[in-house]
Amino acid sequence: MNENSVKEDKTRFDFEKHWNAAYQKSAITSLGWYEENPAPSIKLIEACNLPKEAFIFNAGAGATTLISELLVKGYENLVVNDISSVALAELKNNLLIPKNAQIKFIVNDLTNPDELLKLKNIDLWHDRAVLHFFTQEKDQKAYFDLLKSVLKSKGFVILAEFNLEGAKKCSGLDVFNYNEEMLQERLGSDFELLKSFNFTYTQPSGNTREYVYTLFQKK
Ligand SMILES: C[S@@+](CC[C@H](N)C(=O)[O-])C[C@H]1O[C@@H](n2cnc3c(N)ncnc32)[C@H](O)[C@@H]1O
């Protein structure tokens, strides 16, 4: 590490601390991104027609209800990631894991991965409301490099982010808004867009947030 990179690391905002505090401060069900029913994600996941033993990766899962929904639907090979150990501990506490299911929990930073780099042959990468927090070009690049290195050929990618009409901040942090063309550009020509829709999510407070949901497949 040279002097400049040491300086850069010292001044970098502590995202791990931020997210741990967010999950410590509020009940899961009152978080601004809590979904009682993760229906839009399930709709796209089922459109992939994957076998139940498919290797499904949830990036920045937090304490999402999606994992228990996937288990109820019989998916049995899940990898769940977050930068926040507090979030993953909460998620684990609320899960009933069937005997035949395997779930791996990985606390790691998607923009500075080490443990995550050991993954391979992922059939489906799912991200809801995570990528849009990466406002720096180098963090976005690290995220997409990781995605491309762990996804298998013909693998699927679901990215659900605040759309261009959407909020500019979440959890007190700036966000980077997307549309389907921008996501296609970041993934590159090796990926084909299969489905895309805008979705208005209603927060527990009753406010709304505009998302773009996309499903891509690696060629
Ligand atoms: C708005 S929440 C969405 C959580 C979950 N995907 C959902 O839909 O409920 C954003 C999540 O991204 C996680 N996160 C933020 N930055 C991250 C990073 N660099 N690496 C891994 N996870 C991260 C946060 O801890 C948080 O759980």
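What you are looking at is a predicted structure, and each value in this text was computed from that prediction instead of being measured.

### Details of the overall build of the protein chain
Step number 1: Helices and strands together make up the secondary structure of the protein chain, namely seven helices and nine strands.
Step number 2: For 219 residues, the compact-globule estimate of 2.2 N^0.38 gives 17 Å, and the protein chain sits close to it at 17 Å.
Step number 3: Looking at the protein chain as a whole, 32% of its 219 residues are labelled buried.

### So, the sheet that holds strand S1 (residues 56-59)
Step number 1: Read from one edge to the other, the open sheet built from seven strands follows the order S3-S2-S1-S4-S5-S9-S8, with strand pairing classed as mixed. Two strands close off the open sheet at either side, each with one partner strand: strand S3 (102-107) and strand S8 (191-202). Recorded for the sheet is a direction-independent mean angle of 15° between the axes of neighbouring strands.
Step number 2: Relative to strand S5 (residues 151-162), helix H3 (residues 39-47) is tilted by about 160°, and along the sheet it contacts strand S4 (122-128), S5, S8 and strand S9 (208-218).
Step number 3: Sheet strands in contact with helix H6 (residues 137-150) are S4 and S5, and its direction is about 145° off that of S5.

### Structural notes on helix H5 (residues 85-93)
Step number 1: Looking at H5, one finds that the buried residues are Ala87, Leu88 and Leu91. When H5 is viewed along its axis, its buried side chains cluster within an angular range of 95° and face the same direction.
Step number 2: Taken together, the buried residues of H5 touch helix H2 (15-25), helix H4 (66-72), strand S2 (77-82) and S3.

### Brief notes about the nonpolar core
Step number 1: Core analysis: the biggest nonpolar cluster contains 53 residues, and Leu124, Val157 and Ile158 have the highest contact counts within it.
Step number 2: Ranked by residue count, the leading element in this core is S5, at seven residues.

### A short note on the site of the ligand
Step number 1: Neighbouring residues of the ligand: 20 residues in total, closest Trp19, Gly60, Gly62, Ile83 and Leu110.
Step number 2: Secondary structure elements with two or more residues in the shell around the ligand: H2 and S2.
Step number 3: By residue class, the composition of the shell around the ligand is 11 nonpolar, six polar and three charged.

### Section: the confidence of the model for the protein chain
Any region with low pLDDT has predicted coordinates that should not be read closely.
Step number 1: Here the protein chain averages 95 in pLDDT, while 95% of its residues score no lower than 70.
Step number 2: With pLDDT under 50 throughout, residues 1-7 is counted as low confidence; its partners more than four residues away or in other chains account for one contact.

### Some words on the pairing of S2
Step number 1: Counting buried positions along S2 gives five out of six residues, so the element sits mostly inside the fold.
Step number 2: Both S1 and S2 contribute to a ladder of three bridges, which runs parallel. Among the inter-strand pairings, Asn58 is bridged to a residue of S2, identified as Val80.
Step number 3: Here S2 runs beside S3; their pairing, made up of six bridges, is parallel. Looking across to S3, one finds that Val79 is bridged to Lys104.
Step number 4: Considered for its hand, the β-α-β crossover made up of S2, H5 and S3 is right-handed.

About the thresholds
Residues numbered from 1 in each chain as written. Predicted model: local features only at pLDDT ≥ 70, side-chain atom pairs only at ≥ 80, totals over all residues. Helix = DSSP H or I, 4+ residues; strand = E, 2+ residues; numbered from the N terminus. Rg over C-alpha atoms; globule rule 2.2 N^0.38 Å. Buried ≥ 20, exposed ≤ 12 C-beta atoms within 10 Å, placed from the backbone. Pairing = 2+ DSSP bridges. Axes fitted to C-alpha atoms, helices over the stretch in contact; angles between N-to-C directions. Contact = placed C-beta atoms within 7 Å. Arc of directions from axis to C-beta. Core = buried A, V, L, I, M, F, W, Y, C linked by C-beta atoms within 7 Å. Near = placed C-beta within 6 Å. Nonpolar A, V, L, I, M, F, W, Y, C, P; charged D, E, K, R; others polar. pLDDT = per-residue confidence, 0-100. Right-handed = clockwise from strand over helix to strand, strands pointing away.

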